[in-house]
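Residue-level structural notes
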Amino acid sequence: MFVENDFVCADFKIIPTFTVSCKAPSNIALVKYWGKFEPQLPANPSLSFTLNNCHTATQIQFKQKENTSDFSFDFLFEGKPKESFKPKLVSFFKRIEKYCPYLKNYHLVIDSKNTFPHSSGIASSASAMAAMSRAIMELEKQLNPTITEDFLFEKASFLARLGSGSACRSLKGEVVVWGKNKSVKNSSDLYGVPFGEMHSVFNNYQDTILLVDKGEKQVSSTVGHQLMENHPFAKERFAQAHENIEKLKTVLQNGDLDEFIAIVESEALTLHAMMMTSSPYFILMKPNTLEIINAIWAFRAETKTPLCFTLDAGANVHLLYPTNVKETVIQFVKTKLVAYCQNGQYICDELGTGSALL
Ligand code: PMV
């Protein structure tokens, strides 16, 4: 297990140029992270499925420069310069400067693209920050070849966390836990750790994302996390997340899908309940989100298909189900649920293994 100081890179030898391409996926939390404190530490532990198809691919060219007093970079999104993203990156670089002092020796040309549709309501910050952090760690490995594979991944997760909290769960697969808790050995508030062996029913577990509302998020996650600061139910909620991690740990090992469904749906609704009971309060579900939830419940009662839903901080619905009922569920999506999706759009994804070099 690593502590913060382990991530301060003191030993490195600058090389003139280095280019790396890597990808990192999005992730969907089953136990939700909602509430944080400085520096981007979680108020409660969370657990997520790492996705496979929804990912960001990032190439970074590092070129040594003379002046090492400041950061210098160009940012391209899908091949075109995107100035609006630069301030976010500057604050990310400042946050990680202590841990990656070598960055100021380079001019970076960052070229990033997503596989999922732009403004689909799917947060791209997790995959983007994870891909960027992995690329930076690949540079660090060149500057200090003695670092281990474990260190590379855990520091990449640590850096990604400083960019966007939940991004720290996108470096590895297939299930990642972030936040110190008694049920998961080696769990840490500083970075995500892989969950480990699961029951075979979770092999290639499916996530079909129904795009109900593709608009900009009504509440940014920064504002959302702040809402937990003086929330009347914060203490109970944080305690509940610890309990749900413990319960889910058992379920992921014994494959009890009824219990899985009960925990996952309750977590999704609790996240939204927190938003509805905060000050100010928000409703992020849309009428079609509720239509879908009711349709899932009716379908499950009628067909006994172990299909459940989860939500993030928006109106889109993630359908989670084992791979052996894929055909039945996709048929249900096509005949019933697609009518509730904006422009009939949905994305088929499944459990994945995390970041990789391209
Ligand atoms: O990583 P952030 O700050 O965007 O927060 C993500 C919060 C949720 O998506 C709602 C829950 C989670 O654990 O991913």
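This is a predicted model, so every value here is computed, not measured.

Neighbouring residues of the ligand: Ala29, Lys32, Tyr33, Trp34, Ser164, Gly165, Ser166, Arg169, Ser221, His225, Leu271 and Ala313. If the ligand stood free it would expose 380 Å²; the protein chains cover 91% of that surface. Residue composition of the shell around the ligand, by class: 5 nonpolar, 5 polar and 2 charged.

What follows deals with the nonpolar core. Residues Leu47, Phe49, Phe93, Leu103, Ile136, Leu252 and Phe260 are the most contacted members of the largest nonpolar core, which totals 80 residues. Top contributing element to this core by residue count: helix α2 (residues 125-143), with 10 residues. One finds Val212, Ile293, Ala315 and Ile330 within the second-largest nonpolar core, a separate group that totals 24 residues.

What follows is about the layout of surface pockets. The calculated volume of the second largest pocket comes to roughly 170 Å³. Considering the residues around the second largest pocket, the lining is formed by 13 residues, among which Asp213, Glu216, Lys217, Gly314 and Ala315 are closest to the centre. Per-class residue counts for the lining of the second largest pocket are 3 nonpolar, 5 polar and 5 charged.

Here we take up the packing of helix α5 (residues 234-254) against helix α6 (residues 257-276). In the contact formed by α5 and α6, the axes pass within 10 Å of each other and the chain directions differ by 160°. When the axes of α5 and α6 are compared, the pair comes out roughly antiparallel. The chirality of how α5 crosses α6 is left-handed. Taking contact as the criterion, the partners of Arg237, Gln240, Ala241, Asn244, Lys247, Leu248, Val251 and Leu252 in α5 are, on α6, Glu259, Phe260, Ile263, Ser266, Glu267, Thr270 and Met274. Its residues assigned to classes, the contact of α5 with α6 comprises 7 nonpolar, 4 polar and 4 charged.

On to the pattern of salt bridges, then. Evaluated as defined, the whole model comprises 9 salt bridges. Between Lys182 and Glu246 there is a salt bridge, with its nearest N and O atoms 3.1 Å apart. Taken together, the positions of Lys182 in the loop between β8 (175-178) and β9 (192-194) and Glu246 in helix α5 put the pair 64 residues apart, joining distant regions of the chain. For Glu246, a relative accessible area of 37% translates into the label partly exposed. Linking Glu267 and Arg237 is a salt bridge whose minimum nitrogen-to-oxygen distance equals 2.9 Å. Placement of Glu267 in helix α6 and of Arg237 in helix α5 is noted, with a sequence separation of 30 residues between them. Glu267 gets classed as buried once you look at its relative accessible area, which sits at 0%.

Turning our eyes to something else, we now look at the packing of helix α1 (residues 86-96) against α2. The interhelical angle for the contact between α1 and α2, taken along N-to-C directions, is 45°, at an axis separation of 13 Å. With respect to α2, the axis of α1 lies oblique. Two packed elements cross with a definite hand, and for α1 against α2 that hand is right-handed. Contacts between α1 and α2 involve Leu89, Phe92, Phe93 and Ile96 from the former and Met129, Met132, Ser133 and Ile136 from the latter.

The subject of this paragraph is unusual backbone geometry. Between Glu38 and Pro39 the backbone carries a cis peptide bond, its omega angle lying at -15°. Summarising the element assignment, Pro39 is placed in the loop between β2 (36-37) and β3 (41-42). A cis amide bond, omega -20°, links Gly173 with the succeeding residue Glu174. By secondary structure assignment, the location of Glu174 is in the loop between α3 (149-163) and β8. The backbone of Gln40 sits at a positive phi, close to 55°, despite the residue not being glycine. Along the chain, Gln40 turns up in the loop between β2 and β3.

Each value, and the rule that gives it
Residues numbered from 1 in each chain as written. Predicted model: local features only at pLDDT ≥ 70, side-chain atom pairs only at ≥ 80, totals over all residues. Heavy atoms only, no water. Near = heavy atom within 4 Å. Areas by Shrake-Rupley, 256 points an atom, 1.4 Å probe, with all protein chains shown as cover. Nonpolar A, V, L, I, M, F, W, Y, C, P; charged D, E, K, R; others polar. Core = buried A, V, L, I, M, F, W, Y, C linked by side-chain atoms within 4.5 Å. Buried < 20%, exposed > 50% of the residue type's maximum accessible area, 1.4 Å probe, protein only. Helix = DSSP H or I, 4+ residues; strand = E, 2+ residues; numbered from the N terminus. 1 Å grid on protein atoms, 1.4 Å probe; cavity = no way out; pocket = protein on both sides within 12 Å on 5 of 7 lines; lining within 4 Å. Points joined across faces, edges and corners; volume = space filled by probe spheres on them. Axes fitted to C-alpha atoms, helices over the stretch in contact; angles between N-to-C directions. Parallel < 35°, antiparallel > 145°, perpendicular 65-115°, else oblique. Left-handed = near helix turned anticlockwise from the far one by under 90°. Contact = heavy atoms within 4.5 Å. Salt bridge = Lys/Arg side-chain N within 4 Å of Asp/Glu carboxyl O.

The values are spatial; any link to function lies outside them.
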